[in-house]
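Reading the structure
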Amino acid sequence: MIHLLQTGLNSADSGSFLPVAVQFIIATGLVAFLMFVTHMLGPKRKTTDKLQNFSSGIETHGDARQPMAIKYFLTAILFVLFDVEVIFFYPYAVNFKVLGWNGFWAVMLFVGFFLCGFIYILKKGALKWEE
Amino acid sequence: MNALLLSAVLGVVMMFSGIWLKSKSAIRNVAIVGMALLLVVNILEMSGMIFFRIDTKGMIVFDRFALLFDSIAFLSTLLYLFLSAQDIEKVGINYADYFALIFFILCGITLTSSFKSLLILFLGVEIISIPLYILTGSDKRNLKSNEASLKYFLLGSFSTGLMLMGIALIYGDKGSFDTNSINLITETPSALIVAGMLLLLFSMAFKVSAAPFHFWAPDVYDGAPTVFTSFMATIVKAAVFIAFIRLFEEAFGNLQNKWQLLMAIITVATLFIGNITAVFQQSVKRMLAYSSIAQAGFMMLSVYAMNAEAKEGLLLYSAAYSFATIGIFAVLIKMKDYTFDGFNGFAKHQPLLAATTTIFLLSLAGIPLTAGFLAKFYMLKAALGTGKYLWLVIFAVIMAAVSVYYYFRVIQAMYFKEGDPPVLQITPVFKWTLVILAALVILLGIFPNLLLTWYYF
């Protein structure tokens, strides 16, 4: 494997990657150095207020990991799904005239499948809120 | 093209049949009729009747190799549905949706078997993988199924990431996704091409569970509901192998002398790990999971050799392996106890089932007069045909001998031990399909040309 990569590298100019390597070393080195310095040099005064989670200045209460109704996730994920599908119409709208009838039928096919999915989730009761 | 469109439409039909049809047997019948239709339509395309002529801009090409493999996959799935469609009922409440997912997977399989562009390869692999993640976790209340699904999802999406990375690197060098233009490589390939090829190699090796990328396979195959393990370990695995050999022949064929040693090492590792670990298993289901890794090792030989025999042999191998493994899993589903001891005295109480299972096991072990023997023979012949690495062939033969041990343990338990294994309800259709499968395994073992002539005409 290594000899494979080397045969490849010989043809390209492997020396030209040196600045990239230097950049990598400086980047990781700087992060490590700053982390080290802040932990070593900064004063440590821990109070109960400071150790609390920061939530926009509002006092925290309860545990975040309590079970929530699946309905919220379902609605959210379906929203994302259909939202993204709608985005496909933008490029089509821009190229509407160029694509002609072929493009029109392609988009109709897309909308057809899209509608099938919509009817499916409706019939499956994914959007029924009261139950 | 017929099968590609029809399988996608049938997937949607199955989604809606779950809403409109109330009885489970009606849903099952729709699925079986749809599957048969898919097979017929694909065979019609092989004899020149193409219903849809769509300009794919050379991204998909349905050649003999692709069409014949699709037919094998559809036939296997049809037989699988005859055997196990009733058992899918027990997995969960979304009965029709499981069939819909199976049809979508078949849609992905037609894509991966006929791609000419790396984009289509990626699309096909994803269409195969995503429904599989769901099917693996379909037994929602079973912790093992959940664990398997999550593991499969995380590792699978990681390997898909590797594949995309590889495709991106190759595109960066060649400016094209087309396999033919990628293959126009001079003697010294650039670093981008080599790195991209290696990434593609790793991700494909992951998808076919070749060592050292096999770690997900035993847990996933063991944790998934047995009906879906059967589908996953046979038809899907064979389909990814078809994509594997296509990719390396069409996109990297000129670099064969560069990657051949790597492929040989992967083959040896897969054969070794699969066979040796299978020896130590106590559960038949887990043994079959390792056996599928071991069989993947044999199929890797065809990717390594990459000549005319290799392609013929891979088609025969995928048929032989799929038929036999589907049969064994179908019997396993009917058992209550999945350990080797669970098969004790099986022959006395279910002579027909035991006899067919024996034929399947003999085929997997590669005993003459079964399809498995000829399939292995073709693989070894192809590997010898390269004229390199004789040790690889010798090692493969030794490993085939090792595999006899764990396959025969099941036969031994069925015939030579006392016991009264509890078996679920067995229908006449189930029995007849098993007999047909066993007959196919023996028929292909005597006349492999019944299948292979289709490759040329």
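Residues numbered from 1 in each chain as written. Chains lettered and ligands numbered in written order. Predicted model: local features only at pLDDT ≥ 70, side-chain atom pairs only at ≥ 80, totals over all residues.

**Overview of the overall build of chain B**
The condition that has to hold: The secondary structure listing takes helices from DSSP runs of H or I that are at least 4 residues long and strands from runs of E that are at least 2 residues long, numbered from the N terminus. Between the two quantities, the radius of gyration covers C-alpha atoms and the globule rule is 2.2 Å times the number of residues to the power 0.38. Comment: burial labels come from other C-beta atoms within 10 Å of the residue's own C-beta, placed from the backbone, where a count of 20 or more is buried, 12 or fewer is exposed, and between is partly exposed.
Scanning chain B from N- to C-terminus turns up 19 helices and zero strands. Its C-alpha radius of gyration of 21 Å places chain B within 12% of the 23 Å reference for a compact globule of 457 residues. C-alpha atoms of chain B, sized along the principal axes, occupy 65 × 55 × 45 Å. The buried share among the 457 residues of chain B stands at 58%.

**Quick word on the overall build of chain A**
Across its full length, chain A holds six helices and zero strands. Helices and strands in chain A line up, N terminus first, as α-α-α-α-α-α. Taking all 131 residues of chain A together, 1% fall into the buried category.

**Regarding the environment of Ala-148 of chain B**
All names here are of chain B. Put simply, the test is: Here, residues touch in the contact sense if the C-beta positions derived from the backbone fall within 7 Å of one another.
Along the polypeptide, Ala-148 turns up in helix α6 (residues 143–174). A count of 25 C-beta atoms within 10 Å places Ala-148 in the buried class. In this structure, the C-alpha to C-alpha distance between Ala-148 and Gly-385, residues 237 residues apart in sequence, is 40 Å. Ala-148 has contacts with Thr-136, Asp-219, Val-220, Gly-223 and Ala-224, leaving out every residue within four places of it along the chain.

**Topic: the confidence of the model for chain A**
For clarity, the threshold we go by: pLDDT measures how confident the predictor is about each residue, on a scale from 0 to 100.
When pLDDT is averaged along chain A, the result is 83; 88% of the residues meet or exceed 70. Across chain A, helix α2 (residues 18–41) of chain A holds the top mean pLDDT of 92, while helix α1 (residues 2–11) of chain A sits lowest at 54.

**Comments concerning the nonpolar core**
Note the threshold: Think of a nonpolar core as buried Ala, Val, Leu, Ile, Met, Phe, Trp, Tyr and Cys residues, each tied to the set through C-beta atoms within 7 Å.
Ranked by internal contacts, the top residues of the largest apolar core, which has 179 residues, are Ala-239, Phe-244, Leu-301, Ala-320 and Val-441 of chain B. Once residues lying within four places of it in the same chain are set aside, the contact partners of Ala-239 of chain B are Ala-73, Ile-109, Thr-112, Ser-113 and Ile-128 of chain B.

**A few points about the confidence of the model for chain B**
A residue-level look at chain B finds 99% of positions with pLDDT of 70 or above and a mean pLDDT of 92. Here the predicted complex carries an ipTM of 0.78, next to a pTM of 0.89.

**As for the packing of helix α12 (residues 284–305) of chain B against helix α17 (residues 390–416) of chain B**
Between two packed helices, what matters for the description is the angle formed by their axes and the separation of those axes. All names here are of chain B. As a reminder, the rule being used: Structural elements are reduced to axes, namely lines fitted to C-alpha atoms, with helices fitted over the stretch in contact, and the angle between N-to-C directions of any two is expressed from 0 to 180 degrees. Oblique is the label for any angle not under 35 degrees, not over 145, and not in the 65 to 115 range, which are roughly parallel, roughly antiparallel and roughly perpendicular in turn. Handedness of each helix crossing follows the sense of rotation of the near helix against the far helix: counterclockwise by less than a right angle gives left-handed, clockwise gives right-handed. Just so you know the grouping, Ala, Val, Leu, Ile, Met, Phe, Trp, Tyr, Cys and Pro go in nonpolar, Asp, Glu, Lys and Arg go in charged, and all remaining residues, Gly too, go in polar.
Two elements in contact, α12 and α17, have axes whose closest approach is 11 Å; the angle formed by their N-to-C orientations is 160°. By the criterion of interaxial angle, the relationship of α12 to α17 is roughly antiparallel. At the point where α12 passes α17, the crossing takes the left-handed sense. On the side of α12, the interface is formed by Val-284, Met-287, Ala-294, Phe-298 and Leu-301, while α17 contributes Ala-396, Met-399, Ser-403, Tyr-406 and Val-410. Of the residues in the contact of α12 with α17, the class split is nine nonpolar, one polar and no charged.

**Concerning helix α2 (residues 24–46) of chain B**
Residues and elements named next belong to chain B. Quick note on the threshold: Here the expected length of a helix is defined as 1.5 Å per residue gap, with one fewer gap than residues.
Between its terminal C-alpha atoms α2 stretches 33 Å, which fits the 33 Å expected from 23 residues at 1.5 Å a residue. For α2, the complete set of buried residues consists of Ile-27, Arg-28, Val-30, Ala-31, Gly-34, Met-35, Leu-38, Leu-39, Asn-42 and Glu-45. Those residues of α2 that are buried are in contact with α1 (2–20), α3 (64–88) and α4 (95–112). Positive backbone phi, approximately 100°, marks Gly-48, located one or two places after α2.

**Some thoughts on the environment of Ile-102 of chain B**
Here Ile-102 of chain B shows up in helix α4. For Ile-102 of chain B, the residues in contact, after removing those within four places along its chain, are Thr-77 and Phe-231 of chain B.

**A word on the environment of Arg-53 of chain B**
All names here are of chain B. One can find Arg-53 in the loop between α2 and α3. For Arg-53, a count of 6 C-beta atoms within 10 Å corresponds to the exposed category. Sequence separation between Arg-53 and Asn-2 is 51 residues, and the spatial gap between their C-alpha atoms is 9.0 Å.

**A word on the packing of helix α5 (residues 118–136) of chain B against α6 of chain B**
Residue and element names in this part refer to chain B. The N-to-C vectors of α5 and α6 enclose an angle of 175°; their axes lie 9 Å apart at closest approach. With respect to α6, the element α5 is oriented roughly antiparallel. Contacts from Leu-118, Phe-122, Val-125, Glu-126, Ser-129, Tyr-133 and Thr-136 in α5 reach Ser-145, Ala-148, Ser-149, Tyr-152, Phe-153, Gly-156, Thr-160, Met-163, Leu-164, Ile-167 and Ile-170 in α6.

**Focus: unusual backbone geometry**
What is expected of a backbone is that most residues other than glycine have negative phi and most peptide bonds are trans. Residue and element names in this part refer to chain B. Residues Ala-211 and Pro-212 are joined by a peptide bond in cis, for which omega reads 0°. Phi at Ser-209 is positive, roughly 55°, even though this residue is not glycine. Inspection of the secondary structure assignment puts Ser-209 in the loop between α8 (191–207) and α9 (216–223). Residue classification places Ser-209 among the buried positions, given that 26 C-beta atoms sit within 10 Å. With a phi close to 45°, Tyr-389 is a non-glycine residue in the positive phi region. Considering the arrangement of structural elements, one finds Tyr-389 in the loop between α16 (371–385) and α17. By C-beta crowding, Tyr-389 is classed as buried, having 20 other C-beta atoms within 10 Å.

**Thoughts on α5 of chain B**
Between its first and last C-alpha, α5 of chain B extends 27 Å over 19 residues, near the 27 Å set by a 1.5 Å rise per residue. Of all the 19 residues making up α5 of chain B, 14 are buried; the element is thus mostly covered by neighbouring parts of the structure.

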